[in-house]
Amino acid sequence: MKNAYVNRVFERVKAKNANEPEFLQAVQEVLESLEPVVEKMPELEKNAILERMVDPDRIFTFRVTWVDDNGAVQTNLGYRVQFNSAIGPYKGGLRFHKAVNPSMLKFLGFEQTFKNALTTLPMGGAKGGSDFDPVGKSDAEIMRFCQAFMLELWNNIGVDTDVPAGDVGVGGREIGYLNGMYQKLARKYHTGVLTGKGMTWGGSILRPEATGYGALYFVEYMLAKAGKDIKGKTVAVSGFGNVAWGASKKAVELGAKVVAISGPDGVCEIPNGITNEMIDYMLEMRSSNRNKVEDMATKFPAACKFTAGKKAWSVKCDIALPCAFQNELNEADAKELLANGTWCVAEVSNMGCTPEAIHAFQSAGVLFAPGKAVNAGGVATSGLEMTQNCEHLSWTAEEVDERLHQIMKSIHEQCVEHGTQPDGTINYVNGANIAGFMKVAQAMLEQGVV
Ligand code: 2IT
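Along each chain, residues carry numbers from 1 onward, in the same order as the chain's sequence is written. Residues qualify for local features only when their pLDDT is at least 70, as the model is predicted, and side-chain atom pairs are given and counted only at 80 or more; totals for whole chains, interfaces and linings, by contrast, use all residues. Hydrogens and water are ignored here; the side-chain numbers use all heavy atoms of the structure.

**Student:** Describe the pairing of strand E3 (residues 90-96), with residues and values.
**Tutor:** Most of E3 sits out of view: seven of its seven residues are buried. Paired strands are those between which DSSP finds at least two bridges. Helix numbering and strand numbering both begin at the N terminus, where a helix is a DSSP run of H or I of at least 4 residues and a strand a DSSP run of E of at least 2. Strand direction decides the pairing type here: E3 and strand E4 (residues 125-130), joined by three bridges, are parallel. Bridge pairing in E4 links Leu94 to Gly128. Crossover handedness is defined by viewing with both strands directed away from the observer: a clockwise path from the first strand over the helix to the second marks the crossover as right-handed. In this fold, the crossover linking E3 to E4 by way of helix H5 (residues 102-118) has right-handed handedness. For the exposure calls, accessible area comes from a 1.4 Å probe over protein chains only, and a residue counts as buried if that area is under 20% of its type's maximum, exposed if over 50%, partly exposed in between.

**Student:** Summarise the site of the ligand; cite the residues concerned and give the values.
**Tutor:** Only a single heavy atom is needed: when it lies within 4 Å of a molecule or strand, its residue is near that molecule or strand. Around the ligand there are 13 residues in total, and Lys91, Lys115, Lys127, Asp167 and Ser382 lie nearest to it. Between the ligand and Lys115, the relevant distance is 2.7 Å, taken from an oxygen atom to a side-chain nitrogen or oxygen of the residue. Two N or O atoms form a polar contact when they lie within 3.5 Å of each other; inside protein one atom must be a possible hydrogen donor and the other a possible acceptor, and for residues adjacent in sequence the pair counts only when both atoms belong to side chains. One of the side-chain N or O atoms of Lys127 is found 2.9 Å from an oxygen atom in the ligand. Those elements giving two or more residues to the shell around the ligand turn out to be E3, H5 and helix H15 (376-391). Here the element with the most residues in the shell around the ligand is E3; it accounts for three residues. Grouping the constituent residues of the shell around the ligand by class yields two nonpolar, six polar and five charged. Under the scheme applied here, ten amino acids are nonpolar (Ala, Val, Leu, Ile, Met, Phe, Trp, Tyr, Cys and Pro), four are charged (Asp, Glu, Lys and Arg), and all others, including Gly, are polar.

**Student:** Tell me about the confidence of the model for the protein chain, and please be specific about residues and values.
**Tutor:** Of the residues in the protein chain, 100% have a pLDDT of 70 or more, and the chain-wide mean is 98. pLDDT measures the predictor's confidence residue by residue and takes values from 0 up to 100. Within the protein chain, helix H10 (residues 276-287) has the poorest average pLDDT of any element, 96, and strand E10 (residues 319-321) the best, 99.

**Student:** Mind laying out the environment of Val237, listing which residues take part and the relevant values?
**Tutor:** Note that Val237 resides in strand E6 (residues 234-238). Separated by 25 residues in sequence, Val237 and Ser262 have C-alpha atoms that sit 6.9 Å apart. By the convention used here, residues are in contact when the closest approach between their heavy atoms is within 4.5 Å. Beyond its immediate stretch of four places on either side in the chain, Val237 contacts Ala244, Ser248, Val258, Ala260, Ile261, Ser262, Ala312, Leu321 and Cys323.

**Student:** Mind laying out the side chain of Thr113, listing which residues take part and the relevant values?
**Tutor:** Looking at the secondary structure, you find Thr113 in helix H5. In terms of polar contacts, Thr113 uses its side chain to reach the backbone carbonyl oxygen of Gly109, at 2.9 Å. Beyond its immediate sequence surroundings of up to four residues, Thr113 is in contact with Phe83, Asn84, Gly125 and Val440.

**Student:** With reference to specific residues and values, describe the pattern of salt bridges.
**Tutor:** Salt bridge, as used here, is a side-chain nitrogen of Lys or Arg placed within 4 Å of a carboxyl oxygen of Asp or Glu. Counted according to the given criterion, the structure contains 24 salt bridges. With a closest N to O distance of 2.6 Å, Asp167 and Arg95 form a salt bridge. Remark: Arg95 occurs in strand E3 and Asp167 occurs in the loop between strand E5 (162-165) and helix H7 (172-186); sequence separation between them is 72 residues. Summarising the burial analysis for this pair, Asp167 and Arg95 share the class buried. A salt bridge links Lys311 to Asp333; its shortest N-O distance comes to 2.7 Å. Note that Lys311 is positioned in the loop between strand E9 (305-308) and E10 and Asp333 in helix H12 (residues 331-339), a separation of 22 residues in sequence. On the accessibility criterion, Asp333 (8% relative accessible area) is buried. Salt bridges sharing common partners tie together Asp139, Arg173, Glu174 and Arg286.

**Student:** Account for the side chain of Lys115, with residues named and values stated.
**Tutor:** Turning to its location among the elements, Lys115 is positioned in helix H5. Only four residue types enter the tally: Lys and Arg on the positive side, Asp and Glu on the negative side; His and the chain ends are excluded. Despite being buried, Lys115 has no salt bridge partner; Asp167 is the closest side chain of opposite charge, sitting 6.4 Å away. Within the local environment of Lys115, its side chain forms a polar contact with the side chain of Asn350, the two groups lying 2.9 Å apart. A polar contact is formed between the side chain of Lys115 and the side chain of Asn375, at a distance of 2.9 Å. Excluding its chain neighbours within four sequence positions, the residues that come into contact with Lys115 are Asn350, Lys372, Asn375, Ala376 and Val379.

**Student:** Lay out the nonpolar core with the relevant residues and their values.
**Tutor:** Think of a nonpolar core as a cluster: buried Ala, Val, Leu, Ile, Met, Phe, Trp, Tyr and Cys residues, connected wherever their side-chain atoms sit within 4.5 Å. Phe218, Ile261, Met296, Leu321 and Ile411 are the most contacted members of the largest nonpolar core, which has 67 residues in total. For this core, the element with the most residues is helix H8 (residues 207-225), which contributes nine residues. Beyond its immediate stretch of four places on either side in the chain, Ile411 contacts Leu118, Thr119, Phe218, Ala373 and Ala376. Ranked by size, the runner-up nonpolar core spans 41 residues in total, among them Val30, Met104, Leu108 and Met351.

**Student:** Residue-level account of the sheet that holds E10, with values.
**Tutor:** In space, the seven strands of this open sheet follow the order E9-E8-E7-E6-E10-E11-E12, with mixed pairing throughout. What marks the edges here is a single partner per strand, and that holds for E9 and strand E12 (367-369). In this sheet, adjacent strand axes meet at a mean angle of 15° when their direction is disregarded. Note: strand E11 (residues 344-346) against E12, three bridges, orientation parallel. Looking at E12, one finds that Val345 is bridged to Phe368. Across the face of the sheet, H8 comes into contact with E10, E11 and E12 while running at roughly 145° to E12. Throughout, an axis means a line fitted to C-alpha atoms (over the contacting stretch in the case of helices), and angles, computed between N-to-C directions, take values from 0 to 180 degrees.

**Student:** Account for the sheet that holds E5, naming residues and giving values.
**Tutor:** One key point about sheets: their strands pair by backbone hydrogen bonds, in either a parallel or an antiparallel sense. Pairing is mixed across the open sheet formed by five strands, whose spatial order is E1-E2-E4-E3-E5. At either margin of the open sheet sits one strand with a lone partner, and together these are strand E1 (58-67) and E5. The sheet shows a mean angle of 20° between the axes of neighbouring strands, taken without regard to direction. Bridging between E3 and E5 involves four bridges; their strand directions are parallel. The residue of E5 that forms the bridge with Gly92 is Pro164.

So, in structure tokens, the structure goes:
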């Protein structure tokens, strides 16, 4: 990094968070994008804006104790990282995954701050979760864990303070159990303290689909800007959770052909394209907690070919959509995609690509867009759920979809405004980082030294 202030801040972040590689990766990417802005805005250094932005406001860490189906007492660690509330109450998902640790949640909370700023809605950034591993757990165990988790968290969240939602390992079922315990403890019905709720108790129609739908709307805008069309194009998707499900549904609806989905165990190739029946089956695969994509090939043997140990990126496609986990697409994967002629990559997972992979795509002139822009439709629709809860109203699917469309259009425009290079190409990474940063930085400058 060339700018002295940016460099000093990054050195400090590295020294203080030496054992947190994901967090350092997320901070480095944003700081690199911000160099031209920092050059032009001396007030940022004077007010220590970067120093204040790279440290979370606070982190809650707590033990979660629960009893498994065999009667054995289990413990996990739970966290809530309240990162930045300059533009609104803390907002962001909860991740239940065995690898969850402070580095992962800090990177996610940091990214969430800029992503939420891009949505045009007033939401600060947060993330939370636990190292609880849902794989192989029964429904009763999931419920007991969610209840024990909320027993610790409930007093630190609220409609106007911090509004959690789902993320990896936390879907509609988990939000139900978490909300049930929250309402019991609070002794008062707070409609909007979690988002991703069920349709009969304050949820927004289309919230389950929104991350994937929004991502495809963003891809459509990105392709239109480049004079291309998604119809008839082949798409590879990683994962089979909520995000991969919504993305596949919308991709098919827009006339694309999803030719691969993958899981931790391998890849399913689907040469004739995924069908709606297969997309529906993803929901069963997710709720089974088996975490195996091979189940798709077992259920649809004529249409799917499963290969163990391979990723979705080994399958020839026009458009690659990482929809699973951070750093799921590395430099070797990027080279394989490039060799197979892939010309568009949109991160639907948070930080789905390694920096080396992004570099490979950008150097090859591939249309590349980062997670904080592409997947922002999920949290944006959470914001719309909060609005409906405030109004004590439920909007129609048409109204939610129309607003989601508008929001993704605005995010794309913000990326173009801040990411257009002198040669006319668009660097969506820089565009998203700068646009999100400018909004949060301005809010912090206007609200003084806090
Ligand atoms: O990464 C994300 O934006 C989410 N997991 C959704 C967060 C939310 O509050 O809906």
